[in-house]
Amino acid sequence: PDAEARATLCVIDLQAGTIHDVAETAGWGFQTAAHQQWGQTDRYLYFNDKVDDRPVGVVLDVPTGKRRNLDGPIWAIDPGEAYGICTCLNRGRLTQAGYGVTVQPEHWLTNTEPASRDDGLYRVELATGAQSLLVPLEAVWEVLPDKEDLAGGILYAFHCKINPQGTRIMIVVRCRFADGKF
């Protein structure tokens, strides 16, 4: 795929029966697009884009068209709209084609140890854009019950969700083996 291709994000007004282009993005995957989503209202649209071939989240004020890049990408927004969470969208494409964000091969990231301390579930503050590692894969490894089943594999954070109450986060972790199977 052409990693420099851009997609147009549209908003459909069901009452007026109109479609409006609101933004363009290069931060897309074939199955998940730019993982665009609303906040608490339809004023803010959150989605992913790329800066220097690196996935970043975007906050778009739909009525004004003003957009602001975040330091990291987003997959889910908390119900209070204070933060977003995401796994590494660059590495996520390794676990299932079409997920994550398409980047040029020279920017691909892979994990090289069984449970990285530098990769996992990230949190990005929507007010400041600051990103931090919330749960490293190393911590996930520590709580896994059947580690022997994963011997020789490398963990990748793949998917995440926040419950509607904003009190729990779910993370899906996949294990990649030397033969390429998960």
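Our structure's up above, just so we're on the same page.
Below you will find a few notes about this structure. The structure displayed is predicted, hence computed values, not measured ones.

Parameters and conventions
Residue positions are given per chain, counting from 1 as you read along its sequence in written order. It should be noted that, the model being predicted, local features are given only for residues of pLDDT at least 70 and side-chain atom pairs only at 80 or more, the latter also being counted only at that level, while totals for whole chains, interfaces and linings use all residues. By convention in this description, side-chain values take in all heavy atoms of the structure and omit both hydrogens and water. Comment: elements are numbered from the N terminus, with helices defined as DSSP H or I runs of at least four residues and strands as E runs of at least two. Residue contacts follow a heavy-atom distance rule, with two residues in contact if any of their heavy atoms lie within 4.5 Å. N or O atoms within 3.5 Å of each other form a polar contact, as long as, within protein, one can give a hydrogen and the other can take it, and as long as residues adjacent in sequence are counted only when both atoms are side-chain atoms. Working definition of a nonpolar core: buried Ala, Val, Leu, Ile, Met, Phe, Trp, Tyr and Cys residues. They are joined through side-chain atoms within 4.5 Å. Working definition: with a 1.4 Å probe on protein chains only, accessible area under 20% of the residue-type maximum means buried, over 50% means exposed, and in between means partly exposed. DSSP calls a pair of strands paired once it identifies at least 2 bridges connecting them. The residues that make up patches have over 30% relative accessible area and no salt bridge, and they are joined within 9 Å when like-charged or within 5 Å when they are Val, Leu, Ile, Met, Phe, Trp or Tyr. Note on areas: Shrake-Rupley, 1.4 Å probe, and residue coverage restricted to the protein chains presented here. Put simply, a salt bridge is a Lys or Arg side-chain nitrogen that is within 4 Å of an Asp or Glu carboxyl oxygen.

Some words on the environment of Arg 68
Link 1 in the chain: The residue Arg 68 is located in strand β6 (residues 66-69) in this model.
Link 2 in the chain: Once you skip the residues sitting within four places of it in the chain, Arg 68 turns out to touch Gly 57, Val 58, Val 59, Leu 126, Ala 127, Thr 128 and Gly 129.
Link 3 in the chain: Within polar-contact distance, the side chain of Arg 68 engages the backbone oxygen of Leu 126 at 2.7 Å.

What to know about the nonpolar core
Link 1 in the chain: If you look at the biggest cluster of nonpolar residues, it comprises eleven residues: Trp 75, Ala 76, Tyr 83, Ile 85, Cys 86, Leu 89, Val 101, Val 103, Leu 121, Cys 160 and Ile 162.
Link 2 in the chain: Secondary structure elements with two or more residues in this core: β8 (83-86) and β11 (154-162).
Link 3 in the chain: In terms of residues, this core owes the most to one element, β8, which gives three residues.
Link 4 in the chain: Ignoring any residue separated from it by four or fewer positions in sequence, one finds Cys 86 in contact with Pro 73, Ile 74, Trp 75, Gly 120, Leu 121, Tyr 122 and Cys 160.

A word on the sheet that holds strand β4 (residues 44-51)
Link 1 in the chain: One open sheet accounts for four strands, arranged β3-β4-β5-β6; its pairing is antiparallel. Each edge of the open sheet is held by one strand with a lone partner, namely β3 (37-38) and β6.
Link 2 in the chain: Relative to strand β5 (residues 54-61), β4 runs antiparallel, the two being bridged by eight bridges. Within β5, the residue paired with Tyr 46 across the bridge is Val 59.

Regarding a nonpolar patch on the surface
Link 1 in the chain: On the surface, a nonpolar cluster with roughly 380 Å² of combined accessible area is contributed by Ile 12, Leu 14 and Ile 19.
Link 2 in the chain: Positionally, Ile 12 belongs in strand β1 (residues 7-13).
Link 3 in the chain: Owing to a relative accessible area of 55%, Ile 12 belongs among the exposed residues under this scheme.

Things to note about the sheet that holds strand β7 (residues 76-77)
Link 1 in the chain: In space, the four strands of this open sheet follow the order β7-β8-β9-β10, with antiparallel pairing throughout. Only two strands of the sheet have a single neighbouring strand rather than two, namely β7 and β10 (131-136).
Link 2 in the chain: Bridging between strand β9 (residues 120-125) and β10 involves five bridges; their strand directions are antiparallel. The residue of β10 that forms the bridge with Arg 123 is Ser 132.

Some details on unusual backbone geometry
Link 1 in the chain: Look at Ala 33: it is not a glycine, yet its phi comes out positive at around 55°.
Link 2 in the chain: Within the element layout of this structure, Ala 33 appears in the loop between β2 (18-25) and β3.
Link 3 in the chain: Residues other than glycine seldom take positive phi values, yet Glu 81 does so here, at roughly 60°.
Link 4 in the chain: The residue Glu 81 is located in the loop between β7 and β8 in this model.

Comments concerning the side chain of Asn 90
Link 1 in the chain: Within the fold, Asn 90 resides in helix α1 (residues 89-95).
Link 2 in the chain: In this structure Asn 90 comes out as buried when scored by relative accessible area, which is 3%.
Link 3 in the chain: Only 2.7 Å separates the side chain of Asn 90 from the backbone oxygen of His 107, close enough to count as a polar contact.
Link 4 in the chain: The residues touching Asn 90, leaving out its near neighbours within four places in the chain, are Pro 55, Val 103, His 107, Trp 108 and Leu 109.

Focus on the pattern of salt bridges
Link 1 in the chain: Summed over the entire model, instances satisfying the criterion amount to eight salt bridges.
Link 2 in the chain: Put simply, Asp 119 and Arg 91 hold a salt bridge, and the shortest N to O gap is 3.5 Å. Of this pair, Asp 119 sits in the loop between α1 and β9 while Arg 91 sits in helix α1, and the two are 28 residues apart along the sequence.
Link 3 in the chain: Overall, the relative accessible area of 1% leaves Asp 119 in the buried class.
Link 4 in the chain: Because the salt bridges share partners, they merge into one network encompassing Arg 6, Glu 24, Asp 49 and Arg 67.

Read these as spatial facts, not as claims about activity.
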